Structures are given as C-alpha cells and as structure tokens.
Amino acid sequence: MTSLSKPFQLGDLTLSNRIVMAPMTRCRAGAGDVPTALNVTYYEQRASAGLIITEATNVSPMSVPFEKAPGIYSDEQTAGWRPVVDAVHAAGGRIFCQLWHGGRVGAQGLLEGLQPLAPSPVNDDLDALQVWALLANGRYVRIAATPSRALETAEVEEIVQQYRQAAANAWAAGFDGVEVHAANGYLPHQFLSPTTNRRTDRYGGAPENRARFLQEIIENIAEVMPIDRVGVRLSPTAGYNSPRDPDPVETYTWVAAMLQRQGVAFIEIADTNAWAGKPDRDELLRMIRPHFTGPLILNGGLTPDKADELVSSGAIDLASFARQFIANPDLPARIEAGGSFNEPRHVGWYGGDAEGYTDYEPLMRSGARDR
C-alpha cells in the first residue's frame, strides 16, 4: 500500500484514501447552467477519489469566466447538483463544491451585457485574462475580456452574501463541504493582490485589509455549515490571470495564519505555474506550512510517485490530481497497482459531449493497451 492509498481523517469525515480529484473546469452544464445527467456520470465514475472537489461553480450570474460552467446560486442549479452528490455518495465517495466568482476575469457577452466586477478597475492586462465561450458551431474558444469596473463597498458586502447563499445551497444539495476558490486570479485572489486591489476602503491597503473579503466570506459560510467542512484554494505565486502580487510571502503569511485561526477544513495549494513547467512547490510549502497546521493539499504537476513521497514525508497530507483524473476515472486503483495510466486526449477538455469526458476506460478493461 502506498501512502496515498491510506485513509485520512478530514475533520469528522473519513476519506478512503489521500488522492483528491482537483477542481477542473469542463464546461458541460445544461440550460441555466444546471448540471445534467452527463455530469452525474462523470463524477460517479471518479467517486473512488478520497475526496472530489467539483469544477469551479459560479456563485452569481456576474461570475462566469467560462461559458457553460455550472452554478450554485439558483434553485434549479441546486436541484441539478443533488443527483451528482447522491451518485458519488452511493459509490462511497466524498464531494465538496468549489465556490467561484471570476471578478474581473469576464466579458460582457457572458455577463448579461454588463461590465465585469473587480476590486479596482485594473485593465492594463486584458490580453492576459482567460475568458472562454461556446460558439454556435460548437467550438469552445477563448474570447476577449471586457474592461472591469470597481465594486462599491456595499457591492462587496453583497457578494459576500452570495457566497454565503451558495454555500447554503451546496449544503442543501447534500455536498460534504465547500472549497472557496481564492486562487488563479479570480475575485478573492484579486482582492489579495495589491496590484489588482488598489482600494482605499476597509478592503484595501495592508494584507489584513486585502484579506478581509476572503475572511468575511469564510465567516459567513461558517454560519450556514460547519467550519470544518470549508476548504480554501490558494495560489500565491500564480501567473494565471495576472494577479501579479509583488510580495506573496507577506500576503500569504497573513492569509495562512488567518485560516489557521478560523479553523478551516484544509488549504489546497495550487502550484499553478507548474502547468507551464515552472513549479514553485518548495517555495509554496515554505510559505504556507509554518503558519497553517491543518490538513494541506498540494496540486500542480505532481506525479503519483512524487505525491506519495511528499505524503510519506509529512510535507503534505493529501495530493490532488487534475489531468490524470480526466483520463483515469479510476486513478486510485491505477496508482495502487503501479499503473498503467491512460494519457489524456486533447479533445473534450472544455465543452462538448461524452467524448473526452466520460468515455475513458477503467483499468480492468483497458489493460496493457495503455502502457
């Protein structure tokens, strides 16, 4: 048995292994951004993960960096998630809903003709923002971001309440918990960076003020579900969506200590730069671990062997995998068996139907063909 295959106690939840399915935007929601039967199949296939964290799920119609991503703000969306959760639970799995707001990462065409919302109107880097949409011909393509506008203080408070309601909806849908997406240049990350947050009210300035938005989100979520069912995703050094924090050590020393005091279920560190072959793994662990003693999940560029080494050494508690779970719905069994592993096909990553989504064969049927 590898260290990854051992059970883990996450608060009062017993996870069957330490292999986490990372959140992955797949863009296959139905009308009204409601999950469909195809989404049920996708998550059910991957229920052997110790923990599934869903794809990023919009808390508001004013989120939506990627068209056809699901939401969790309407009654219909909440009802649409219930069969997903029920299927994962019936298969013995655990599942958290990742709560998402794109903030300045958006376009008017996806936001009912309105400007994206941001801590500050920083629009010097629109070409660096990742906004994607579905064309009428079925192609999923990157589109131009629209210049954002600054949120009024009262609007910031309204968005905090949107997170609270989204968490309440996720709890009502039966999710085991939620993860607040505060990484990858999205709205909470935008508040954390002094480059994208130039506010002069109580949400701007010193690290404790820039972290106030995230702090208030978590405090409000904790009023509708147990705090030990609330995780947070961070990516301090990410270049994705251009957060450009000039001193992430200062920012995230404060954030990690704050999350320690709040008693969140876990921090998932996203080594986002590893996507481009430039991992910051050691720097990120040095930044977070001394200030947060709770469960730590690491994501980004990990092989099963490296993940097992990090878990065995105690550097992290769990490891999350993304692309490996696209191609290997039964990834825990494959890791325990030492392979083989399917390679992800570059089709169906975003948008589409079952192709590249639910049509990968499990180990018992694929055998040596995948070696």
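**Topic: the packing of helix α1 (residues 37–45) against helix α2 (residues 75–90)**
For step 1, the next point in the chain: Viewed as axis vectors pointing N to C, α1 and α2 meet at an angle of 25 degrees, and their least axial separation amounts to 9 Å. Taken together, the axis directions place α1 and α2 in an arrangement best described as roughly parallel. Judged by the sense of rotation from one axis to the other, the crossing of α1 with α2 is right-handed. Across from N39, V40, Y43 and E44 in α1, the residues of α2 making contact are W81, P83, V84, A87 and V88.

**Observations regarding the side chain of D125**
For step 1, the next point in the chain: Here D125 is to be found in the loop between β6 (117–118) and β7 (131–134).
For step 2, the next point in the chain: A distance of 2.8 Å separates the side chain of D125 from the side chain of R104, its partner in a polar contact.
For step 3, the next point in the chain: Here D125 is in contact with R104, S242 and R244, once residues within four sequence places are set aside.

**Here we look at unusual backbone geometry**
For step 1, the next point in the chain: In this structure, the amide linkage connecting G339 to the following residue, S340, adopts the cis form with an omega of 5 degrees.
For step 2, the next point in the chain: Mapping S340 onto the fold places it in the loop between α11 (331–337) and α12 (363–366).
For step 3, the next point in the chain: Phi is positive for D33, which is not a glycine, with a value near 55 degrees.
For step 4, the next point in the chain: When you line up the elements, D33 lands in the loop between β3 (19–21) and α1.
For step 5, the next point in the chain: Non-glycine residue N241 carries a positive phi angle of around 65 degrees.
For step 6, the next point in the chain: Along the polypeptide, N241 turns up in the loop between β11 (230–234) and α7 (248–262).

**Here's the deal with helix α8 (residues 281–288)**
For step 1, the next point in the chain: Burial in α8 covers these residues: R281, L284, L285, M287 and I288. The buried residues of α8 occupy one face: seen down the axis, they fall within an arc of 160 degrees. Every exposed residue of α8 that faces more than 90 degrees away from the buried side is listed here: D282 and R286.
For step 2, the next point in the chain: Check the buried side of α8 and you find it contacts β11, α7, β12 (266–270), β13 (296–299) and α9 (304–313).

**Let's talk about the sheet that holds strand β10 (residues 177–182)**
For step 1, the next point in the chain: Sheet architecture is closed into a barrel: eight strands sit in the order β3-β4-β5-β10-β11-β12-β13-β14, paired in parallel fashion. Neighbouring strand axes in the sheet, compared pairwise and without regard to direction, differ in orientation by 25 degrees on average.
For step 2, the next point in the chain: By the bridge criterion, four bridges tie β12 to β13 in an arrangement that is parallel. Pairing of A270 across the sheet is with N299, part of β13.

Calculation notes
Residues numbered from 1 in each chain as written. Predicted model: local features only at pLDDT ≥ 70, side-chain atom pairs only at ≥ 80, totals over all residues. Heavy atoms only, no water. Axes fitted to C-alpha atoms, helices over the stretch in contact; angles between N-to-C directions. Helix = DSSP H or I, 4+ residues; strand = E, 2+ residues; numbered from the N terminus. Parallel < 35°, antiparallel > 145°, perpendicular 65-115°, else oblique. Left-handed = near helix turned anticlockwise from the far one by under 90°. Contact = heavy atoms within 4.5 Å. Polar contact = N/O pair within 3.5 Å; in protein donor to acceptor, adjacent residues only side chain to side chain. Buried < 20%, exposed > 50% of the residue type's maximum accessible area, 1.4 Å probe, protein only. Arc of directions from axis to C-beta. Pairing = 2+ DSSP bridges.

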